[in-house]
Structures are given as C-alpha cells and as structure tokens.
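Here is how the chains run, residue by residue.
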Protein chains: 2
Amino acid sequence: MDKTVTLAHGAGGRQTSELIDQVFRAHFSNPDLTADDAAVLNIKGGKLAFTTDGFIVSPSEFPGGNIGKLSICGTVNDLSCMGAKPLYLSCAFVIEEGFPMDKLEKIAAAMEKTAKEAGVKIAAGDTKVAGKGQVDGVFITTTGIGQIMDDANTSGFNAKPGDAIIVTGDIGRHGCTVLLARDEFGIEADVTSDCAPLWGTVKAMFDTSKDIHVIRDATRGGVGTVLYEIAEQSKVGIRLDSKSIPVADGVKGVCGMLGLEPLYLACEGRLVVFAPKEIAPKLVDTLHKGKYSKDAAIIGEVTCDMPGRVIVKTEIGAETLLPPPGGELLPRIC
Amino acid sequence: MDKTVTLAHGAGGRQTSELIDQVFRAHFSNPDLTADDAAVLNIKGGKLAFTTDGFIVSPSEFPGGNIGKLSICGTVNDLSCMGAKPLYLSCAFVIEEGFPMDKLEKIAAAMEKTAKEAGVKIAAGDTKVAGKGQVDGVFITTTGIGQIMDDANTSGFNAKPGDAIIVTGDIGRHGCTVLLARDEFGIEADVTSDCAPLWGTVKAMFDTSKDIHVIRDATRGGVGTVLYEIAEQSKVGIRLDSKSIPVADGVKGVCGMLGLEPLYLACEGRLVVFAPKEIAPKLVDTLHKGKYSKDAAIIGEVTCDMPGRVIVKTEIGAETLLPPPGGELLPRIC
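Model, not experiment: these values are computed from the prediction.

K.L.:
It is not clear to me how the packing of helix H1 (residues 14–28) of chain B against helix H3 (residues 101–118) of chain B should be interpreted in this structure. Could you clarify?
P.N.:
When two helices pack together, you describe them by how their axes are tilted relative to each other and by the distance separating the axes. All names here are of chain B. Contact geometry for H1 and H3: axes closest at 8 Å, N-to-C directions at 25°. One way to sum up the angle between H1 and H3 is to call them roughly parallel. The crossing of H1 and H3 is right-handed. Along the contact surface, H1 presents Leu-19, Gln-22, Val-23, Phe-24, His-27 and Phe-28, while H3 presents Met-101, Leu-104, Glu-105, Ala-108, Ala-109, Met-111 and Glu-112. Counted by class, the contact of H1 with H3 contains nine nonpolar, two polar and two charged residues.

K.L.:
What is the right way to read the relation of the copies chain A and chain B from this model?
P.N.:
The two chain copies are related to each other by a rotation about an axis together with a translation along it. Of the transformation placing chain A onto chain B, the axial shift is 0.0 Å and the rotation is 180°, giving an RMSD of 0.0 Å. Seen this way, the second copy is the image of the first under a two-fold rotation axis. Proximity to the rotation axis, assessed at the C-alpha, singles out Gly-45 of chain A in chain A; its C-alpha lies 1.7 Å from the axis. In this assembly, 100% of the residues forming the interface of chain A have copies in chain B that are likewise at the interface, indicating an isologous arrangement.

K.L.:
What is the right way to look at the UniProt feature "domain: PurM-like C-terminal" (unreviewed entry) in chain A in this model?
P.N.:
In this numbering, the UniProt entry assigns the feature "domain: PurM-like C-terminal" (unreviewed entry) to residues 160–311 of chain A. Overall, residues 160–311 of chain A shows 34% helix and 19% strand. The separation of its end C-alpha atoms is 16 Å.

K.L.:
When you look at the packing of helix H2 (residues 67–81) of chain A against helix H3 (residues 101–118) of chain A in this model, what are you seeing that I'm missing?
P.N.:
Residues and elements named next belong to chain A. Relative orientation of the contacting elements H2 and H3 amounts to 30°, with a least axis distance of 7 Å. With respect to their mutual orientation, H2 and H3 come out roughly parallel. Here H2 and H3 pass one another in a crossing that is right-handed. Facing Ile-67, Gly-68, Lys-69, Ser-71, Ile-72, Cys-73 and Val-76 of H2, the residues of H3 in contact are Ile-107, Ala-110, Met-111, Thr-114, Ala-115 and Ala-118. Along the lines of polarity and charge, the residues of the contact of H2 with H3 split into nine nonpolar, three polar and one charged.

K.L.:
Teacher, can you tell me more about the interface of chain A and chain B here?
P.N.:
Contacts between chain A and chain B engage 75 residues on the former and 75 residues on the latter. When chain A packs against chain B, the two sides together hide about 5700 Å² of surface, and 57% of this comes from carbon and sulfur. Summed over the shared surface of chain A and chain B, the result is six salt bridges. With a closest N to O distance of 2.8 Å, Asp-53 of chain B and Lys-128 of chain A form a salt bridge. On inspection of chain A and its partner chain B, the count reaches 32 residue pairs in polar contact (both at pLDDT 80 or more). Examining the composition of the side of chain A that touches chain B, we find that nine residues originate from one element, strand S2 (residues 46–55) of chain A, more than from any other. Of the residues contributing to the side of chain A that touches chain B, the split by class is 33 nonpolar, 26 polar and 16 charged. Taken together, the five bridges between strand S1 (residues 39–43) of chain A and strand S2 (residues 46–55) of chain B define a ladder with antiparallel strand orientation. Residue Ala-39 of chain A lies in a different strand from S2 of chain B, and its bridge partner there is Phe-50 of chain B.

K.L.:
Can you walk me through the sheet that holds strand S11 (residues 271–276) of chain A in this structure?
P.N.:
Strand pairing within a sheet occurs via backbone hydrogen bonds; the two strands may be parallel or antiparallel. All names here are of chain A. Taken together, the seven strands give an open sheet; going across it, the order is S9-S11-S8-S12-S10-S13-S14, and neighbouring strands pair in mixed fashion. Two strands close off the open sheet at either side, each with one partner strand: strand S9 (214–217) and strand S14 (319–321). Within this sheet the neighbouring strands show an average axis-to-axis angle of 25°, counted without direction. Relative to S11, strand S8 (residues 163–167) runs antiparallel, the two sharing five bridges. From the neighbouring strand, Ile-165 faces S11, where its bridge partner is Phe-274. Contacting S9 and S11, H2 runs over the sheet at an angle of about 170° to S9. Those strands touched by helix H8 (residues 280–288) are S8, S11 and strand S12 (297–303), and its axis lies near 15° from that of S8.

K.L.:
Mind showing me how you'd approach the packing of aromatic side chains here?
P.N.:
Any pair of aromatic rings gets described here by the distance separating the centres and the angle formed by the planes. For the coordinates displayed, the defined rule picks out five aromatic pairs over all chains. Taking 4.3 Å as the distance between ring centres and 25° as the angle between the ring planes, the aromatic pair formed by Phe-24 of chain B and Phe-93 of chain B counts as stacked. Remark: Phe-93 of chain B occurs in strand S5 (residues 84–96) and Phe-24 of chain B occurs in helix H1; sequence separation between them is 69 residues. Members of the aromatic cluster, connected to one another through ring pairs, are Phe-24, Phe-28 and Phe-93 of chain A. The ring of Phe-55 of chain B has Lys-128 of chain A sitting right over it, with the charged end atom 5.7 Å from the ring centre.

K.L.:
It is not clear to me how the pairing of strand S10 (residues 237–241) of chain B should be interpreted in this structure. Could you clarify?
P.N.:
Walk down a regular strand and you will see the side chains alternate between the two sheet faces. Residue and element names in this part refer to chain B. Of all five residues in S10, four are buried, a share of seventy percent or more. By the bridge criterion, four bridges tie S10 to strand S12 (residues 297–303) in an arrangement that is antiparallel. Counterpart to Gly-237 in the pairing with S12 is Thr-303. In the sheet, S10 pairs with strand S13 (residues 310–313) via four bridges, with the strands oriented parallel. Looking across to S13, one finds that Leu-240 is bridged to Val-312.

K.L.:
How should the domain arrangement of chain A be read in this particular structure?
P.N.:
It is common to report an interface's size as the accessible area lost on association of the parts. Residues and elements named next belong to chain A. Taken domain by domain, chain A consists of domain 1 (7–148) and domain 2 (163–321). Of note, the centres of domain 1 and domain 2, computed from C-alpha atoms alone, are 27 Å apart. Domain 1 puts 22 residues into the contact, and the matching count from domain 2 is 23 residues. Buried area between domain 1 and domain 2, summed over both chains or domains, comes out near 1700 Å², and the portion from carbon and sulfur atoms is 66%. The largest contributions to the domain 1 side of the interface with domain 2 come from Pro-63, Asn-77 and Cys-81, which together make up 28% of the buried area. At the boundary of domain 1 and domain 2, one finds one salt bridge. In this structure, the connection of domain 1 to domain 2 is made through seven residue pairs in polar contact (both at pLDDT 80 or more). Counting only elements with at least two residues in the side of domain 1 that touches domain 2, the list comes to H2, strand S5 (84–96) and H3.

Reading the values: rules and limits
- Residues numbered from 1 in each chain as written.
- Chains lettered and ligands numbered in written order.
- Predicted model: local features only at pLDDT ≥ 70, side-chain atom pairs only at ≥ 80, totals over all residues.
- Heavy atoms only, no water.
- Axes fitted to C-alpha atoms, helices over the stretch in contact; angles between N-to-C directions.
- Helix = DSSP H or I, 4+ residues; strand = E, 2+ residues; numbered from the N terminus.
- Parallel < 35°, antiparallel > 145°, perpendicular 65-115°, else oblique.
- Left-handed = near helix turned anticlockwise from the far one by under 90°.
- Contact = heavy atoms within 4.5 Å.
- Nonpolar A, V, L, I, M, F, W, Y, C, P; charged D, E, K, R; others polar.
- Least-squares fit on C-alpha atoms with pLDDT ≥ 70 in both.
- UniProt positions renumbered as here; feature names shortened; annotations may be inferred.
- Buried area = accessible area lost by both parts, 1.4 Å probe.
- Salt bridge = Lys/Arg side-chain N within 4 Å of Asp/Glu carboxyl O.
- Polar contact = N/O pair within 3.5 Å; in protein donor to acceptor, adjacent residues only side chain to side chain.
- Pairing = 2+ DSSP bridges.
- Phe/Tyr/Trp six-rings, centres within 6.5 Å; stacked < 30°, edge-to-face > 60°.
- Lys NZ or Arg CZ within 6 Å of the ring centre and 35° of its normal.
- Buried < 20%, exposed > 50% of the residue type's maximum accessible area, 1.4 Å probe, protein only.
- Domains from an automatic or database assignment.

This is how it looks when you write it as structure tokens:
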C-alpha cells in the first residue's frame, strides 16, 4: 500500500476501493457494513435518537486519544445523553493529500476499539481526499442512530427546581490536554484527555433510577456553557458550590498559569446530570463504581430564582455570577 | 449579524447559538429538528437505509447548483438507490474562518429548497469553524435515514445476465461543469450541472415495476466506475452501445478538446438502472415523463461472458474494452 494518501485515493476508482478495503473495512468489518450506496438496517420501531458531529481537533493525536477515538466517543455520548443505546454509526473522512497512511491506520484502529467498547456498529462510510493545504490533516464526521430506552426522557428543557447537579468526573481535562499538546505555551503538565465512550455510564444510572431529568456531555464550551444552555432552555437558575467541583491538580495548575476557567474547558468524557435531590446520592454511589466516573460529585442545585443564570459560591463563601460563555477560548479542541 | 464566519462561531458558546439560529435553524426549521444532543425520531420498524457522504466540491458554487444543493442531493440519491424513501438528514458543517456569511446563507437556502423537494427533514446538525487556511471554504457532511419500500431489493450484487442497462439522462454534466468553473483551461461552454434530488424518479420507476435489480447514482468516477463496480460485485459482463449513450453537445465538445471520456465524468443527478430486458422499455417510458429523466436511454446489456469487464461497441461497430477506472481524473468534484 502507498505510504501516504494521494488524490487518487479520493477519486472513487480502484485506489479508493483499495484504501477502503485495506484500512477502513479491515477495522470496521461487521455484517451490517454496507458495500452499496447505503447500509440496510433492521430496526425495531419506536423512538430513535439521531445525531451528527464533526471532528477537526488539532493536533489529531493527544495524550489519552486521537481524533478517531474522539469521533466515536462524541457521537456515542450524544446518543447516550438522550437515554439511547447506540446502535449504528456512519463515518465520513476528509483527508489531506500526503497524510501518512500509518497515522490513518492508527486512527481507524482507535475507532474500531472504541466502537467495540461502546457496543456500536459502523454501518456506512465515505472517504474524500482534498489537495495539500486544502484541509488540515484529517477531519471526521460521525453520525449515530440509537434506540431510546422506554421510560427515558432526558432533555435540556427538563431541569426542575430542586434538582441536584452532578458531574461524572473531574472537568476540563480534554481542553487542557489539547492546549498543551499544541506546544504553544511551553508548559508541561501531566494531563491526559478524559475522552471516553459513556453509554455504560448512562446505562448504570438508568438502572439505578429512571427519574433523570437532563444528561448532557460537556464538550465544546465545557461544563459552564452546558449549564448556561440548560438554565436558559428550562428557565431555571443554577447555583454551584465551587469547592465541590472536581478539577485535577494538573488542570488547576495550567488554568492558574494561563488565567483559564476550568468550567469553560472542554471535556470529552464527562456528563452533566440533573436529577431530583433525593435520588442524587444513589446515582453518585452508582457512578463511583463505574470505570469513567470514579470522581463523580454533586456540584450544585437548580433554583427558581435567577432564571437563566449560573451563580457560583466561591471557596470563601461569596456568591458571584459565572461569566456567560462567549468568544473563542480554544478553537479546534474537538 | 457578522459579515463573515469567525472562530467564535465555532466555540460552542453564544455566537455558535446565534449562527445556528440565524442561518441554519431559520432555513431548516421543522418539528423534528433537535435542540438537544440528538433528535428524537418516531420511526416505524422494518428495513431502514443509512448512508453518509462528505462534500468538498471546489468551487463551492457552480452553474446549476452549489455545495448545499449537492450535499442534499448526494445523500437523498444514495437512499433512493436502495429503494428507500428519504426521511431524515443530518448536516455537519466545517467552515473556514472568514467565510462570507451571505454565501453561507445561500448554501443553507439551497439546502432548504432541495430538502423540501425531496420530502426529507433535516433533524440534526453540527457546526465547526477551522482557522484561515485550515479548510478550503466550507465542507458539508450529510447523513440520511430512509425507509426501504416493501418489495424493493436493489443492490450492486443483483445484476443478472439479460438485464438491460438504463441511464436516466445525459451523462458527465456535473464533472464537466465543475471543471469549467475552475477556469483553468480557458474554455467556455454552455454546460450546467445535472445535480438533482432523485427520489421522485426512483419512486416512479418502482410504481411501474418492482422488478428492478440495481440502481446506482453515477457520482464520483462517473457511469464507467459504477458499471465496473457492479460487473465485479455481480460477476457479470457488461456490453455498452456507445451510440445510445446520451451526452450533451457541450460535454462532448469539452471532452473532445481535453481528451476526457464522458463515461468517467461525474454526474450528480443520473442513475444507472439494471432491470430485465422485457420491462426496460416500460421503465424508460416512465422516465421520459419525469422532470429529471427526459433523456433516459437503454445503453447496454448484461452478459454471462467476460465477467468483471465492460465492453463498448464503438460508433463504427468495433468492440473495445472500456479502460478500467484508476487514478485521479478530477479531484473535489463532489
């Protein structure tokens, strides 16, 4: 096989077929993977979740993952947030001419491994090649179909006063990791991305209680952006207790040096969960037993007052408004 | 609103919401369009078609369409080829910093119009922004779900000796149009892209007869590449009659000047159909009444001999092998 991707790999002829067979089909093979214009899926009726996400992270490899792993986690997690068991994914690649084949191979291998862990099948794909300088490395778009569980009814519009707010682990690791991987600040810190597929985490919560109002994954924009969105969609206020918010020491250190707010750093393996105060401790107990949620914590509560706002109780007990999200903090972190 | 797309539009905060509301939601609005992590779709069970396609065409506007129209047609047509009524689409955008907002608006408007014509709803989306020079203009990935009609069973593996081969119109217009739009050859010709949504065309054929073996849209790689794929998948030979293949005069002229083979130029609104010889004339009659298939023609037949090959009977009666596809003829034409 060629050592790099060429324009011929994207022309739709023999070389395209070879690339698909040798790299993608080799890793994604399953009985539902299509060789036609579309996959044929046997799906029982009912409520399906459907979501898409484009991944353009730079650099495409970072401590804790690469763009391949990220592209599976992102879409699996979006489905999971709706209480949907991930069933099928499609993946569309845009690759820069000259991209190293061994790097593409590593990306496909990470996708295979992560899809397997999440229990999802890759059923359809597409490969385009753009000329040198017309795309930066590789972009991947994944789209997913999931079967929404009976009784699951989660939405950003469902937060209620009296809900406790849970995060499933320490926050901001992915954004911090990608920032450092860019080598622009000359800072070294022992931080790895939290990037992980979270269907198992969601399933364990639903097995504990069906009464979960909101699940959102805090990706681009971080936990702070997600909280502001939910506060607006549900017309409620949010009050956080800053000392309960789990942040790894490495992330804290980097944020301190660069003046960043961990609440606005991206996560790729963390959920924000709203559920009635009474059941929250039980959910946290469940989460503490999970692979990706050992540091889950209740970080705040939903209030009737101050609808649309997020208030933070600081370490010394003062209450301040979390500055609303806006502007670009970190482009291309997902 | 800003006049160009900025990195802040891709950061996931306030500006991202504004861009989505003002450009995408304004055009794609429908009751199933999600404001959560995934759309919730009520789908009756059974066989669903699922397909994805990335669009990176350069230039992003061309006579007869733009990347927005193309991105809807491409996925609608892939679903249609499986005998599936297109139900839902997702769209993921990667936009270059500095991309003009009015151009993005035109793209979204074309998507709205084409989706409406095809009877498909846009249910989910994603917007990423890459820095200047990190992506060329705008790339769009669409993914579609369709309901496969009872009795429909089309596949590239189903061609049978005795089948007639139909194309639904003159070939090579899209590839020729994009080539000329690049202004690299200083050739002027009155050619517009054939880009069109073809669910109506497919439905009309199925209403005429269910006994259709293969439907494929001849996009990247053109009719020639599709025929070689089917010949290989079905282990059959293909014999074309060159004088029956419809090619517009403008396309013929350009191909003559540049030494191109129309069979290898992309179409974005043409189907290749395999059906038993006996019913082919009836299908062609039906096609002649359709908006996008007035020039449909029987161009050849399937044979037992020469499996995996495509033979062309030339205008003077000689038989030659159509050179198998390979190499890059025209990158970024879809």
